[in-house]
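Next come the chains, spelled out residue by residue.
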Amino acid sequence: MKIAICGYGGMGSHHAQHIIPTTSKNLEVIGAYDIREERLEQAQKDGYIAYDSYEALLNDKQVDIVLIATPNDFHKDQAIAALRSGKHVVCEKPVTLSSEQLEAIVEVEKETGKVFMVHQNRRWDEDYLVIKNLYENHQIGEVFHIESRVHGANGIPGDWRCKAKHGGGMLYDWGVHLLDQILDMVDSPLKTVYSDQSFVLGHDSDDGFTSYLKFENGVTAQIEVATTNFITLPRWYVKGLKGTAVIHDWNLNGEMIEYNYEAEHIAPTPIKAGAGLTKTMAPLNEGSVIKQQLPRPLEQKQSFYENFVSTVNKETEPIIKNSEVLRVMRLIEAMFASYEHNQVIEFE
Ligand code: NAD
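Residues numbered from 1 in each chain as written. Predicted model: local features only at pLDDT ≥ 70, side-chain atom pairs only at ≥ 80, totals over all residues. Heavy atoms only, no water.

**Considering a nonpolar patch on the surface**
- Together, Tyr-259, Tyr-261, Leu-284 and Val-289 make up an exposed nonpolar region whose accessible area comes to about 380 Å².
- Structurally, Tyr-261 is set in the loop between strand S13 (254-259) and strand S14 (271-273).
- Assessed through its relative accessible area of 52%, Tyr-261 is described here as exposed. (Patch = residues over 30% accessible without salt bridge, like charges linked within 9 Å, V, L, I, M, F, W, Y side chains within 5 Å. Areas by Shrake-Rupley, 256 points an atom, 1.4 Å probe, with all protein chains shown as cover. Salt bridge = Lys/Arg side-chain N within 4 Å of Asp/Glu carboxyl O. Helix = DSSP H or I, 4+ residues; strand = E, 2+ residues; numbered from the N terminus. Buried < 20%, exposed > 50% of the residue type's maximum accessible area, 1.4 Å probe, protein only.)

**What about the packing of aromatic side chains?**
- Tallied over the entire structure, the rule returns nine aromatic pairs.
- Note on Trp-174 and Trp-250: the rings are 5.6 Å apart at their centroids and 35° apart in plane angle, and the pair reads as tilted. Of the two residues, Trp-174 sits in helix H7 (residues 171-185) while Trp-250 sits in the loop between strand S12 (243-247) and S13, which places them 76 residues apart along the sequence.
- Classification of Trp-250 as partly exposed rests on a relative accessible area of 46%.
- With a centroid separation of 5.2 Å and 90° between ring planes, the pair formed by Phe-304 and Tyr-305 is classed as edge-to-face. Comparing Phe-304 with Tyr-305, the two get one shared label, buried.
- An aromatic cluster of three or more residues is present, and its members are Trp-124, Phe-304 and Tyr-305. (Phe/Tyr/Trp six-rings, centres within 6.5 Å; stacked < 30°, edge-to-face > 60°.)

**Brief notes about the state of the cysteines**
- All told, the structure shown has zero disulfides when counted by the stated rule.
- With no disulfide partner, Cys-6 has as its closest neighbouring cysteine sulfur the one in Cys-91, 9.8 Å distant. (Disulfide = S-S within 2.5 Å.)

**Observations concerning the sheet that holds strand S4 (residues 65-68)**
- If you walk across this open sheet you meet the six strands as S3-S2-S1-S4-S5-S6, and the pairing is parallel. Since the sheet does not close on itself, it has two edges, and those belong to strand S3 (49-50) and strand S6 (116-119), each with one partner.
- As defined by bridge partners, strand S1 (residues 2-6) adjoins strand S2 (residues 28-33) across five bridges and the pair is classed as parallel. Pairing of Cys-6 across the sheet is with Tyr-33, part of S2. (Pairing = 2+ DSSP bridges.)

**Description of the side chain of Lys-132**
- Structurally, Lys-132 is set in helix H6 (residues 126-137).
- Its relative accessible area of 16% is what places Lys-132 among the buried residues.
- Not counting chain neighbours up to four residues away, the residues in contact with Lys-132 comprise Asp-184, Met-185 and Leu-298. (Contact = heavy atoms within 4.5 Å.)

Structure representation (structure tokens):
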């Protein structure tokens, strides 16, 4: 199948040059359209047809699939136009700026019988798949609290990512990935959400947020994105009834500590702590705990693009379902409402 890209910027060109050639045997990138002349020249240099308008791309009969990798506010109209032109569509995240906009796309998807799938690629992240393994296989007992965060100190780079009219801000940017992961992992209705946002950099869209989710099965999750942290906290911190796991970074540096049920346990003795004394916070005796290797990441059966192609061919179900993407968009809306009213929001 042949794919053409709308928006040949950072991510559009990364799909063309890296993601598609390394993860799919069945796709060929043939062309690109971008509003900026220099990006079109780059596409041509990279060996692709440079379309001089989006209509020209959509009118090219060779094109089976359109990848949309433009700023977030363009996704809805460009996706609908592509579906109506008889193309299948891959769309970058965040899919749209609201659940209503996504529902409008899904309606056209049904009407046209074409496939529309969102590139929620962080379902393939190894750090996520390690934590998902821990969650599903109870190596530290039943998991009851998950902290998932990304911290940077670069502010919001780029020309549109900090602007509300383009769907800027970290909730739409990294937030959508972390929320997609947590809703994919925790197999329970989400009962409540509370969310705060940060605007310390002075943009009209958030430079970070912290949110607290409570699921019906008792699991709680703290999700945080920040762009002003010169010292970063771990990517994952997970508590189970029998142990704790931490993953510091995307290279999977981390550890897992489990309670040693075989060992002889000695009651904690008080230690001096600051200007006081504590037994509660005294470290466990050596031997009471065992340090374990983190589990291996679970495997995704197919790459994103192989799954897309086999979904088009009706051979399989999509890994990223539009109903799941819609749930994430509704959660983002609940988080905006929570921030605006400084309230806990009932979710499902
Ligand atoms: P970018 O600014 O590097 O690229 C966007 C490109 O779109 C630019 O070349 C710009 O000229 C072009 N453009 C703007 N308006 C257009 C229009 N109306 N029609 C055609 N082209 C237009 O931004 P980016 O980082 O590549 O982000 C693009 C999309 O990819 C965003 O939705 C972003 O959230 C997403 N993204 C996803 C990931 C991921 O890991 N899934 C990572 C980065 C970006």
